[in-house]
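Each chain, written out:
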Number of protein chains: 4
Amino acid sequence: MSPADVERQESWLSQEDLATVRGRMPILYVEAVPVRVAADGSVTAVGLLLRASDNGRIQRELVSGRVLFHERIRDALLRHIEKDLGAMALPQIPPSPVPFTVAEYFPTPGITAFHDSRQHAVALAFIVPVAGDCAPQQDALDLAWLTPQQAADPAIIADMDGGHGVLLRHALAHLGHAI
Amino acid sequence: MSPADVERQESWLSQEDLATVRGRMPILYVEAVPVRVAADGSVTAVGLLLRASDNGRIQRELVSGRVLFHERIRDALLRHIEKDLGAMALPQIPPSPVPFTVAEYFPTPGITAFHDSRQHAVALAFIVPVAGDCAPQQDALDLAWLTPQQAADPAIIADMDGGHGVLLRHALAHLGHAI
Amino acid sequence: MSPADVERQESWLSQEDLATVRGRMPILYVEAVPVRVAADGSVTAVGLLLRASDNGRIQRELVSGRVLFHERIRDALLRHIEKDLGAMALPQIPPSPVPFTVAEYFPTPGITAFHDSRQHAVALAFIVPVAGDCAPQQDALDLAWLTPQQAADPAIIADMDGGHGVLLRHALAHLGHAI
Amino acid sequence: MSPADVERQESWLSQEDLATVRGRMPILYVEAVPVRVAADGSVTAVGLLLRASDNGRIQRELVSGRVLFHERIRDALLRHIEKDLGAMALPQIPPSPVPFTVAEYFPTPGITAFHDSRQHAVALAFIVPVAGDCAPQQDALDLAWLTPQQAADPAIIADMDGGHGVLLRHALAHLGHAI
């Protein structure tokens, strides 16, 4: 789907419509854990976005966003990574459609490890090596690169909302790191 | 979610609303490949539903259905398996939320190996051992148990619409069988 | 392979031969995380073996053991689970040969999160629901069932040697639990 | 492990010793399916090595080789890819240690879909995108790049021995391709 198609697509579903749908259906998301890798594929750093939350607190976040109508999962991943990390990030989108985990965000806390007060979202999560220059876009204040050991620190997890900290730990586990 | 809740939930989204949403968002599905297993976990048979299609042709199908608002994936799997195979099927729902594949059904043929003229559906697919008595429900004519070798037969695949045959082969591949 | 075959097999590789091979080749292992599951497949408890270590300390362990010559991975899993949990455990061996993780134990600490002073072992790790009665066998003092929340406690992990605690956390992550 | 270490390592296990061990233990292997990918991660081509077999027949093969003592799986993957495709292949070794399948090769045919008359080998199989120039090395006659559709052709599979054709189809299935 070209950017123009995406534009048109978005307009098909007005903010009002989206609000209505959000109360009636699970919404499909993709999430990406951006990583830097060595030549042997081992992860040397994990990228976290820093954003100011509504209440002014600085939060760490993963790349995340909705899958649009008629958009493939790999195209949604690519679009959201470019949107958050810039057009020069050179992400290596995984060749397989199998996510390393599926995160189920419920508006009611406690049903799963994930929570989103706005909606019931189901996110397919992927680890995505990025080889190029990353620059935080839009409302992101910064992009921080942490070693896997730093990323596994409970203090980092505490800075992440809605279960993003749990998702980060799940990614580190899938990578074989001590957590 | 209790059956009563599901009932209520369904009523929240009228057929008309669903038709509108279907043209605007990807719809989240679960699909199950029911299998019989030996004590060592090896698959001895794969279950396929036989249904009469709109044009009167007999088709083989996998268990498949929509995930509802505020429904966990594992609850949706359980609900659709009971709906199709009966309440005594005793399915062993996988403990992990990671599907063996993700099938992307597009209304336009040829974008992926999967096609659904009604909608853009994204299905999380699971292999589900069933230990109890299975009885085809509702509009299903029969439930056929095939050996993995029989299920891998190209003639079987040709009887399955929209890419269900491809999904069945992906399941056999994930199980380690020759295909 | 019948138990008699296994016996014969073991005799083919004397303790002396095994010691020699251990210094020269990676040894293939399987590891199982025994779990109790609800009807919806969600994990309600994780089973840990309690053993007295050589220095008299009580340690928590997962089910673990070598794959023998001409033995399938699923047969090795079944054999080691019966050896550790008894013949009535009724394990549900996963139908797919794909492990949830691969743990690489090196005799040198620090290369991976896993360490085994005796050898270089590569373990394929599986989550295995057990439906029957489990009784600790041989040198195990007890089998403790912990909730996933209890199992995620850092104090539990500290009681596990060689990286078994990390492996347990990786299993909880794969299951979608907060860790 | 440096190349010199590998050299030394190999010398630790003489050809005679290896022959002895091969009749007594499963031998750990890695296998790689080399692929070319587009910017969206979708696979555009699969690489197959052409080798003359002992009986003079031309065979198609995947990258495959033994894991050495004290060698990580990712290092073994890198070493065998460089050995078969050359030093300029620029492989993107997967960041996670989880293989897409585990192929169990038995000296006795028919136990699994895989067969190796020399030994009982257990191979962890990975899909590996290669971004650089590939040149067949050593005894390989050529490296052929096929589209996923061409690679799924039953005639191609028939040219591959010991179950490599099945492994290739399992890889295509994991990638979501029609097979």
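Shown above is the structure to which this text applies.
For clarity, every value in this text was computed on a predicted model and none was experimentally measured. (Residues numbered from 1 in each chain as written. Chains lettered and ligands numbered in written order. Predicted model: local features only at pLDDT ≥ 70, side-chain atom pairs only at ≥ 80, totals over all residues. Heavy atoms only, no water.)

What follows deals with the overall build of chain A. Helices and strands together make up the secondary structure of chain A, namely six helices and eight strands. Secondary structure elements in chain A, listed N-terminal to C-terminal, are α-α-β-β-β-β-α-β-β-β-β-α-α-α. Scaling as 2.2 N^0.38, a compact globule of 179 residues should have a C-alpha radius of gyration of about 16 Å, and chain A matches this with 16 Å. Along the three orthogonal principal directions, the C-alpha set of chain A runs to about 45 × 35 × 35 Å. Residues counted as buried form 60% of the 179 residues belonging to chain A. For chain A, the computed accessible surface area is about 6900 Å², with 52% contributed by carbon and sulfur atoms. (Helix = DSSP H or I, 4+ residues; strand = E, 2+ residues; numbered from the N terminus. Rg over C-alpha atoms; globule rule 2.2 N^0.38 Å. Buried < 20%, exposed > 50% of the residue type's maximum accessible area, 1.4 Å probe, protein only. Areas by Shrake-Rupley, 256 points an atom, 1.4 Å probe, with all protein chains shown as cover.)

This brings us to the relation of the copies chain B and chain C. Expressed as a screw transformation, the operator carrying chain B onto chain C has a rotation angle of 180° and an axial translation of 0.0 Å, and the superposed copies differ by an RMSD of 0.0 Å. Both copies of the chain, as the preceding transformation shows, are related through a two-fold rotation axis. Both copies present the same face, since 100% of the interface residues in chain B are matched by interface residues at the equivalent positions in chain C. (Least-squares fit on C-alpha atoms with pLDDT ≥ 70 in both. Contact = heavy atoms within 4.5 Å.)

On the chain C side, the residues contacting the 23 residues of chain B number 23 residues. For the pair chain B and chain C, the summed buried surface comes to about 1500 Å²; carbon and sulfur atoms form 58% of the total. Its largest share of buried area at the contact with chain C, chain B owes to D40, P95 and H174 of chain B, together 34% of the area lost on that side. Between the two partners, chain B and chain C, sit two salt bridges. For D40 of chain B, the salt bridge is made with R72 of chain C, and the minimal N-O distance between the two is 2.6 Å. At the surface where chain B touches chain C, the tally comes to eight residue pairs in polar contact (both at pLDDT 80 or more). Contributions of two or more residues to the side of chain B that touches chain C are made by α3 (73–85) and β7 (121–129) of chain B. Among the elements that take part in the side of chain B that touches chain C, α3 of chain B stands out by supplying three residues, more than any other. Taken together, the residues of the side of chain B that touches chain C break down into 13 nonpolar, six polar and four charged. (Buried area = accessible area lost by both parts, 1.4 Å probe. Salt bridge = Lys/Arg side-chain N within 4 Å of Asp/Glu carboxyl O. Polar contact = N/O pair within 3.5 Å; in protein donor to acceptor, adjacent residues only side chain to side chain. Nonpolar A, V, L, I, M, F, W, Y, C, P; charged D, E, K, R; others polar.)

The next point concerns the interface of chain B and chain A. With 35 residues of chain B in contact, the opposing surface of chain A contributes 35 residues. Of the roughly 2900 Å² buried between chain B and chain A on both sides combined, carbon and sulfur atoms contribute 71%. For the chain B face of the interface with chain A, the top three residues by lost area are R24, M25 and F69 of chain B, together amounting to 22%. Viewed at the interface, chain A and chain B are joined by six residue pairs in polar contact (both at pLDDT 80 or more). Listed by contribution, the elements that provide at least two residues to the side of chain B that touches chain A are α1 (3–12), α2 (15–22), β1 (27–37), β5 (101–106) and β7 of chain B. Residues of the side of chain B that touches chain A, tallied by class, amount to 21 nonpolar, seven polar and seven charged.

Right, let's get into the relation of the copies chain B and chain A. Between chain B and chain A, the superposition needs a rotation of 180° and an axial shift of 0.0 Å, giving an RMSD of 0.0 Å. Looking at chain B, 100% of its interface residues are interface residues in chain A too, so the copies touch through the same face.

The geometry of an aromatic ring pair comes down to the distance between the two centres and the angle between the two planes. Residue and element names in this part refer to chain A. Taken as a whole and judged by the stated rule, the model has four aromatic pairs over all chains. Judged by centre distance (5.2 Å) and plane angle (50°), the rings of Y105 and F114 are tilted. You can call F114 buried: its relative accessible area is 4%. (Phe/Tyr/Trp six-rings, centres within 6.5 Å; stacked < 30°, edge-to-face > 60°.)

Residues and elements named next belong to chain C. For strand β2 (residues 43–52), the buried fraction is high: eight of the 10 residues fall into the buried class. Across three bridges, strand β1 (residues 27–37) lies against β2 in antiparallel orientation. Among the inter-strand pairings, R36 is bridged to a residue of β2, identified as A45. Note: β2 against strand β8 (residues 140–146), six bridges, orientation antiparallel. Residue pairing for β8: L49 is matched across the bridge by L143. For β2 and strand β3 (residues 58–61), the ladder comprises four bridges, and the chain directions are antiparallel. Looking at the pairing, L49 lines up with E61 of β3. Count of turn residues in the β2/β3 antiparallel hairpin: five residues, of which G56 carries a positive phi of about 85°. (Pairing = 2+ DSSP bridges.)

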